[in-house]
Every structure is written in C-alpha cells, then in structure tokens.
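Each chain is listed here by its residues.
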Amino acid sequence: PIALETPTVFLETSERLNGAPYSSAVLKNAIAQGLNNRGIQWVEQAQAADMVLTLDADTRQAGSASGFFTVMLNATAVLKNREGQPILQQNLSDVKGVQLSWEAAHAEAYRKAQIEIQGAFLKKLIQALYQ
C-alpha cells in the first residue's frame, strides 16, 4: 500500500456584504468542514501550512421589485503552494440570493454559495492538493 501524506492548508478569507466586512465566515466554515470531512487538516497559521487557500467573496445589490430583493455574490479562490505559486483558481460568479429584505437576500446568496462550495468546488480543490 502507498500512504499519501495529507497536506496542511491555511485558509485566508475575506467575506463582505456590499464591500463591508461580513460578520459570519460562512464560506470559510464550508471549506474547513469539507476539508475535515475528507481528512485534510487546516491550520491557523500560514507558516505551518503546506498550502494557502485565499478566498475573496463579496455581494452586491442587483435590484428589487414587488417586495423582493436580489443580491449577487461573486467569489474567487486561489490555492498557492508554500513558494506562493498558484496551483488552482476557482470562481463563483453571480450566485443569486432573493428574499424579502436586503439582509436576508445577502444571507441567501452566501447560503447558495456554501452549497456550491461543498460540491464541485471542493472536489476540484482536493484534486489540486494532491497534484
């Protein structure tokens, strides 16, 4: 049998609502949970990591009509090795959140992005970790 040593990952995230800091770390938590479920350790300090995953997410108001508010979320994630060379870049584009208030619409967009991250996004990330 061949034993693969799992790499350690440092998560550096910036989650915002209309450019202002978002109090929750919804996407960071989704990635951390996905890594944990697959047996990959994430660490609290960049110096202790084999790789660094930088995630930048922001929402913007897209409009309102008939009492419904629409928000779009865009996110970019870049996985870099210890030397700072990019290994993988993934984007989430125009993830839509529609609700009865601006605040709820922002939260809905983050919830939908979280679902996308837990699917194909994490699968590609895991593949890149072992290349």
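Quantities reported herein were computed from a predicted structural model and do not represent experimental measurements.

Asker: Tell me about the side chain of Gln90, and please be specific about residues and values.
Answerer: Following the sequence through the fold, Gln90 ends up in strand E6 (residues 86-99). Within the structure, Gln90 has its side chain in polar contact with the backbone oxygen of Phe121 (distance 3.0 Å). Aside from chain neighbours lying at most four places away, what touches Gln90 is Ala75, Thr76, Ala77, Ala120, Phe121, Lys124 and Leu125.

Asker: Outline unusual backbone geometry, listing residues and values.
Answerer: You will see that Asn18, though not glycine, has its phi angle at about 50°, which is positive. Within the fold, Asn18 resides in the loop between strand E1 (9-17) and strand E2 (20-21). The exposure class of Asn18 is partly exposed, given its relative accessible area of 41%. Positive phi, normally seen in glycine, also occurs at Ser66, with a value near 55°. Within the secondary structure layout, Ser66 lies in the loop between strand E4 (51-65) and strand E5 (68-81).

Analysis parameters
Residues numbered from 1 in each chain as written. Predicted model: local features only at pLDDT ≥ 70, side-chain atom pairs only at ≥ 80, totals over all residues. Heavy atoms only, no water. Helix = DSSP H or I, 4+ residues; strand = E, 2+ residues; numbered from the N terminus. Polar contact = N/O pair within 3.5 Å; in protein donor to acceptor, adjacent residues only side chain to side chain. Contact = heavy atoms within 4.5 Å. Buried < 20%, exposed > 50% of the residue type's maximum accessible area, 1.4 Å probe, protein only.

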